[in-house]
Amino acid sequence: MVDATILNDRPDRVAVAAQWQLIWWAFKRHKLAMAALFVTVAMYIVAIFPGFFAINDPILQNARSTFHPPQSIHFLDTANGFSFGPHYYGMKLTRDPNTLAAIFVEDTNTKIPIQFFGRGYTYSVLGLFETNIHLIATTDNTKPLYLFGADRLGRDVYSRTVQGAQISLSIGLVGVFLSLLLGIVLGGISGYYGGRIDFVMQRVIDFVLSLPTIPIWLALAAALPQGWPAALQYMMITIILSFTGWAQLARVVRGRFLSLRTEEFVAAARLDGVSEGRIIFRHMLPSFSSHIIASMTLAVPAMILAETSLSFLGLGLQPPTVSWGVLLREAQNIRSIATAPWLFMPGLAVVIAVMALNLFGDGLRDAADPYNK
Amino acid sequence: MLKFIIKRLLWMIPSLFAVSFLAFVLIQLPPGDFVTTYIATLASSNEVVDQNTAAALRERFGLDQSMLVQYLKWIWGILSRGDFGISFEWQQPVSGLIWERMALTLVLALASLIATWAIALPIGVYSAVKKYSIGDYAFTAFTFFGLSIPSFLLALVLMYIAAVEFGADVGGLFSPEFETAPWSIAKMLDLLSRLWLPVAILAVSSTASLIRVMRANMLDELPKPYVTTARAKGLSEFRLLIKYPLRIALNPFISTIAWLLPNLISGSVVVAIVLNLPTAAPLLLQALMAQDMYLAGAFVLLICALTLIGSLISDILLALVDPRIRLE
Amino acid sequence: MTDILSITPRPSMAAGKTLLDVKNLVTEFPLRTGIFKAVNDISFSIEPGKTLCVVGESGSGKSVTARSILQIIDSPGRIASGSIILNRQDGTSVDLARLDPRSKAIRAVRGRDIAMIFQEPMSSLSPVHTVGDQITEVLRLHLNMSKAQARKEAAELLRQVEIPNPEQALDRYAFQYSGGMRQRAMIAMALACKPQLLIADEPTTALDVTTQAEILDLIKRLQQTTGMAVLFITHDMGVVAQIADDVLVMHHGVIKEYGPVDQIFHTPKDPYTKMLIGSVLKLEQKAEIRLARPPLDTTAEPILDIRNLSMHFGEMKALNDVSIALLPGETLGIVGESGSGKTTLGRSIMRLYDPASGEMHYRRADGRVVDLARLEGRELKAARRELRMVFQDPFGSLNPRMTVAQVIGEPLLVNGLSKGKELDERVCHLMDQVGLDPAGRERYPHAFSGGQRQRIGIARAITLNPRIIVADEATSALDVSVRFQVLDLLMRLQDELKLAYIFISHDIGVIRYMCDRVGVMYRGRLVEVGEADKVCNNPDHPYTQALISAIPRPDPRDRDRSKRFRYIEPSPHIDPSNVKNRSSAR
């Protein structure tokens, strides 16, 4: 049965609507999930082209900008007459006469215009070609723009956060993909064959699910040699995360397989002379692919949180690799964050990304079965 | 019923063995062993260890034997005399180092579990009964936020607020004067006065997920025919709610211990490290870094065993409260 | 609905004060797209001690009517206008429609003055509370009894509804009861406070016909001893004829006809009522198409010969040494109650289950005989092309993710018989054959009604030019008005395509209408096989006799319950549920 309210809206179009069309219509009515989808897509676009969205070179250190506070972009300038146009003001560095601590003061006399699609540092786009065009570029390289401020070594927190999106967001996807492979194979075998294989697999899944993940990840991560190249480290961390992540997905796949096995339309297909392969791929897989996608979407944020926690503890990715977890290590001690609370900004990015993915996955799950309302 | 409990208890034996083996393998994974690390540390301070000393060290710790033999020796020691081996780094028996920290870990996890339940249960029920009300939306917003913030970040933010706004140091579980003091009433009170913060931090994300579980359970139960039957009998809405759908929605809720406990313990590891709590976690991290095999192994084993026992308890509780399982 | 005839106000109302007076009741459900009036301006009344049956097909609003009286309509439904006057025995009156659904006043009526029982006794009882707990609760709530008093009273109530060992039964859970026992427990609970009106919402629909007869008897008897009135909701005209004093026929939320039962059955005025009654009367005899057909050649070699077929599910013998033969062009009915093994037999023939022992000799078109029970791989696939199946559930048996053309065309496609444009043409032709418009072939199953979906299922079954079709409860999920269209289609196709049918059903009427011969199944065994007329009207086996006697006759003038009895299996082990038979022969 299709959701009656959709049916009432446009019976002619619904009559010929395939599953994905129905899911999309159901999903679209979920406003919050739509907003989350928008945010998710935007974040992944940033993650694909971090260089374009960054302002300063994320690994460039600048001794003069240690703990430089965040600056904001202004559009209306009243300090120097009256003019429109995006710009920011330079900062003057003074020192507290007693403690010698650095104090940055906004200097409204030095107005620095901002250029959209201007030139900046050179970066590589997905390793394919190099360019130096940025969404936002400053016109004065001696006075860089720090949207989220700078860290202990004067590196731009905003550009590093944008750069970190690439690793943090992709590790979630890759990790879930690996978990899914394991989950589909093991859960599928379990659910399809049933019987003793299913019993054993069930016990294994229950066992893995009852393990506390973080201590195990820690132990696994501690086994990684420190000196490995970044790419290898990245792969190993995703494998470690999928080591426990597959069980949840396997459980979902198994449950679906079991319930589909008893569906009458599957029995009918068998009687039609449909081969086992075609039953699985033409009849069963389309029936639960939407559920799997929803479960996957909900597993991605968990992976992101896991990577962040591991890297934060120093057992995940290692600097100079830039991920949100690695960036948050800068916020590890209370003195740093007391001086520079903007070091929390990568944490905000984590919260937004995870929340958007959770909301998106939630909406997807609600819309995933348009036939059983 | 008794059969069910016995079956479930028997099932614990292979599970515990699997966990112990897993813990041992995990600890054995890193290339090299403690002696390698030890020599490296000495070498950095310009001390040279000759091959004979290294071999002697390996023999003393039994590191020259095969992994299986080492495992069997280890597990036999634990089973026969509660001997978890020697911590290389601390040069003392592991069992002397772990128990107080494990006890505090358990206290922290249990306190968080209770807090989570106490908060999540009424909110979940409220959200389901008053579906789509302002309150429901507010709690839903909270759950999404709670699920999205990593617990260590929450700990950091609270530490920051405490330090900047109140000038308080909220790290640790004891005030400095009690840290090494023997147990006393005053120390207990001190512990309680400091326990709430890590408990609150840990409870946020688990509460968020549990509210969602409880709300979904209740929404499943509310339209069931037996609720209509109860209503047709003339029971008041509140009474029937408590007696029927809530009672039945509680069953899947109880089974959440099985995954809640591993989650809480997992979360507590990170939070404990950030807040520098004297629980198992910081020592575990240190032991892992230093490849202090028996110490790390003992922690991983005990933590995993704790969650296995948690799921055992939840299964038995479930059987106790659900006649459909009890009388199967 | 202007075509409603002038509904005659209830005749003969002089007898006394009415118990319940419903006037111009409107119950509506606000939807996103507007307001849906589930019950639209209906009026009726119930007198003390009488039975009013509300009858209608799915979606007629009969259940909402019942729930409106107690104000337990599912959210967001609400009573929009009208009145429901309850006249109590003590002379006071109250308009239930005016009360707040959560108020104390309506709660005092629920369970005390008016009690209700429902269709699914299993899900209507709490799974985690004992039956005793749920009965004593009402007693303590409305009559302020002490725990001990309530328990004593509850045991007495269980005794009244003929539940064996009432003391022990109190401490058991609903899932430990059988289906009929659960409904008895529900009735006991409803009767706890001696209500003046019992509302029964399809209380026997989920039960087997023999259990149904017992429950109907029980209600009748309790009604005679307590003097309560009954509002009985049902879709089954046979049940109506047996128990009603007055009848209210509903369709799409409005009253089609309202009057004494004899008048409704013997001089119906409304065409819809006539159709409903006609549809049950039709099942009293063989279909006209059947009668017009030349007699079958009973000397022909059987096309399918089943010998000593057995099949187990764990301990249970689902099929126990079943032997039966099917002649070419014949319709063989298999009838039995739930758990009799009739569905298992159908599925074993199709080899969806693998039988434990026995043979199924199938004579192929070329005269070659193969044993279906032994076939594997390609041979089985070839046989399945000639043996096809129509399923019960018109929703579950079609893949919702495939268009109708894909569903119907799949057997042709996967067997490599047809593709491309030719496939499309054959699909169009098949849809024509089953009375569907081929223009709709690109639509998905969700765009079709239950009856249309069953036609799609039939089209799929005849795609490969089969010789045998196994139809498992093919019309049970359909409303009566649609049922005949599908049955007649099946018979027309049989004559056109020279098919043999194995027609599995729990409904003797449908079997009588359709079938040439009938096999009766009971607990995995085939107890009787014979000509349909003989078995349905004058059976030999005591079980079949009991089964036939339990079927409610659709004639209010034929209510002789003394003919009814329950079959007791003459076997060494005594099934505890046999204690039920105390209610028989009354």
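Residues numbered from 1 in each chain as written. Chains lettered and ligands numbered in written order. Predicted model: local features only at pLDDT ≥ 70, side-chain atom pairs only at ≥ 80, totals over all residues. Heavy atoms only, no water.

**What to know about the overall build of chain A**
Quick note on the threshold: The helix count covers DSSP runs of H or I at least four residues long, the strand count covers runs of E at least two residues long, and both are numbered beginning at the N terminus. Residues are treated as being in contact if the distance between any of their heavy atoms lies within 4.5 Å. For the charge count, each Lys or Arg is scored as positive and each Asp or Glu as negative, with His and the chain ends excluded. All charge positions are set by atom: Lys at NZ, Arg at CZ, Asp at CG, Glu at CD.
Helix and strand counts for chain A stand at 14 helices and four strands. Along the three orthogonal principal directions, the C-alpha set of chain A runs to about 85 × 55 × 35 Å. Counting contacts in chain A only where the partners sit at least 6 residues apart, residues at least 24 apart contribute 65% of the total. Positive and negative side-chain charges in chain A, numbering 27 and 23 respectively, have mean positions lying 2 Å apart.

**A closer look at the domain arrangement of chain C**
Spelled out, the test is: Note that the domain bounds reflect an automated or database-derived domain assignment.
The domain architecture assigned to chain C consists of domain 1 (2–113 + 195–282), domain 2 (124–194) and domain 3 (288–551). Once you take the C-alpha centre of each, domain 2 of chain C and domain 3 of chain C turn out to be 43 Å apart.

**Some points on the sheet that holds strand 13 (residues 331–335) of chain C**
All names here are of chain C. Short version of the rule: Should DSSP find at least two bridges between two strands, the strands are regarded as paired. Every axis in this analysis is a line fitted to C-alpha atoms, fitted for helices over the stretch in contact. Angles between the N-to-C directions lie between 0 and 180 degrees.
Read across the sheet, six strands follow the order 16-17-18-13-19-20 without closing on themselves; strand pairing throughout is mixed. The sheet terminates laterally at strand 16 (387–390) and strand 20 (525–531), the two strands that pair on one side only. On average, each strand axis in the sheet is tilted by 20° relative to the strand beside it, whichever way the strands run. Across four bridges, strand 16 lies against strand 17 (residues 468–472) in parallel orientation. Of the residues in strand 17, the one forming a bridge with Val390 is Ala471. Contacts from helix 21 (residues 542–550) reach strand 19 (517–522) and strand 20, with the element oriented near 100° to strand 19.

**Topic: the interface of chain C and chain B**
The cut-off we apply is this: As a working definition, buried area equals the accessible area (1.4 Å probe) given up by two parts on being put together, with both sides summed. By convention in these notes, a salt bridge is any Lys or Arg side-chain nitrogen within 4 Å of a carboxyl oxygen on Asp or Glu. Two N or O atoms count as a polar contact when they lie within 3.5 Å, although within protein this holds only if one can serve as hydrogen donor and the other as acceptor, and sequence-adjacent residues are included solely when both atoms are side-chain atoms.
The interface of chain C with chain B comprises 28 residues on the first partner and 22 residues on the second. When the area that chain C buries against chain B is broken down by residue, the three leading residues are Val128, Glu137 and Leu141 of chain C, summing to 25%. For Lys233 of chain B, the salt bridge goes to Glu137 of chain C, with nearest N and O atoms at 2.7 Å. Linking chain C with chain B are ten residue pairs in polar contact (both at pLDDT 80 or more), by the criterion used here. Only helix 1 (62–70), strand 6 (114–117), helix 3 (121–124), helix 4 (131–143) and helix 7 (179–191) of chain C provide two or more residues apiece to the side of chain C that touches chain B. Take the side of chain C that touches chain B: its biggest share by element is six residues, from helix 4 of chain C.

**Description of the packing of aromatic side chains**
Worth spelling out the cut-off: Centres within 6.5 Å are what make two rings of Phe, Tyr or Trp a pair, Trp counting through its six-membered ring; a difference in plane orientation under 30 degrees is then read as stacked, over 60 as edge-to-face, and the rest as tilted. Classification of residues uses two cut-offs on accessible area relative to the type maximum, computed with a 1.4 Å probe and protein chains only: under 20% is buried, over 50% is exposed, and between them is partly exposed.
The final tally for this structure, using the stated rule, is 22 aromatic pairs over all chains. Between Phe312 of chain A and Phe152 of chain B, the ring centres sit 4.0 Å apart and the planes meet at 20°, which makes this aromatic pair stacked. Here Phe312 of chain A is found in helix 11 (residues 276–313), whereas its partner Phe152 of chain B is found in helix 7 (residues 151–165) on a different chain. The buried category is assigned to Phe312 of chain A, whose relative accessible area is 1%. Pairing Tyr226 of chain B with Tyr244 of chain B gives two aromatic rings, centres 6.4 Å apart and planes at 55°, and the pair type is tilted.

**Concerning the packing of helix 11 (residues 271–282) of chain C against helix 18 (residues 480–497) of chain C**
Residues and elements named next belong to chain C. Convention followed: Reported orientations rely on four angle classes, namely roughly parallel under 35 degrees, roughly antiparallel over 145, roughly perpendicular from 65 to 115, and oblique for the rest. For any pair of crossing helices, the crossing counts as left-handed if the nearer helix is rotated counterclockwise from the farther one by less than a right angle, and right-handed if it is rotated clockwise. Classification convention: Asp, Glu, Lys, Arg as charged; Ala, Val, Leu, Ile, Met, Phe, Trp, Tyr, Cys, Pro as nonpolar; all other residues, Gly among them, as polar.
At a closest axis distance of 9 Å, the pairing of helix 11 and helix 18 adopts a crossing angle of 45°. With respect to each other, helix 11 and helix 18 are oriented oblique. In this structure, helix 11 crosses over helix 18, and the sense of that crossing is left-handed. Taking contact as the criterion, the partners of Met275, Leu276, Ser279 and Lys282 in helix 11 are, on helix 18, Val480, Ser481, Phe484 and Asp488. Of the residues contributing to the contact of helix 11 with helix 18, the split by class is four nonpolar, two polar and two charged.

**Points about the sheet that holds strand 3 (residues 51–55) of chain C**
Residue and element names in this part refer to chain C. Strand order in the open sheet formed by six strands is 6-7-8-3-9-10, and the pairing between neighbours is mixed. Edge positions in the sheet fall to strand 6 and strand 10 (254–260), since each has one partner strand and no second. Direction aside, the axes of adjacent strands within the sheet are offset by 15° on average. Of the strand pairs in this sheet, strand 3 and strand 8 (residues 229–234) are connected by five bridges, and their pairing is parallel. When the sheet's bridge partners are listed, Thr51 is paired in strand 8 with Val230.

**Considerations on the interface of chain B and chain A**
Of the residues lining the interface, 40 residues belong to chain B; the matching set on chain A comes to 38 residues. Of the roughly 3,400 Å² buried at the junction of chain B and chain A (both faces included), carbon and sulfur atoms supply 82%. There are one salt bridge connecting chain B and chain A. Here Asp362 of chain A ties to Arg212 of chain B by a salt bridge, and the two come within 2.7 Å at their closest N and O atoms.

**A word on the environment of Tyr160 of chain B**
Checked against the element boundaries, Tyr160 of chain B lands in helix 7. The contact partners of Tyr160 of chain B, leaving out residues within four places of it in the chain, are Ile334, Ile337, Ala338, Pro341 and Phe344 of chain A together with Glu165 of chain B.

**Regarding the pairing of strand 2 (residues 83–95) of chain A**
All names here are of chain A. Examined bridge by bridge, strand 1 (residues 74–77) and strand 2 share three bridges and lie antiparallel to one another. Residue pairing across strands places His74 opposite His87, the latter belonging to strand 2. Counting the residues that bridge the hairpin from strand 2 to strand 3 (residues 102–125) gives six residues, and of these Leu100 lies at a positive phi of roughly 65°.

**A closer look at helix 5 (residues 147–160) of chain C**
Residues and elements named next belong to chain C. This is how it is decided: Each residue after the first adds 1.5 Å to the expected span of a helix. Each direction from the helix axis to a C-beta atom contributes to the arc, which is the arc of those directions.
Here helix 5 is 14 residues long and its end C-alpha atoms lie 20 Å apart, about the 20 Å a rise of 1.5 Å per residue gives. By the burial criterion, the buried members of helix 5 are Ala150, Ala154, Ala155, Leu157 and Leu158. For helix 5, the arc enclosing every buried residue in end-on projection is 155°, short of the 170-degree limit, so these residues lie on one face. The outward face of helix 5, more than 90 degrees from its buried face, is lined by the exposed residues Ala148 and Lys152. Downstream of helix 5 by one or two residues, Glu162 has phi in the positive range, about 65°.

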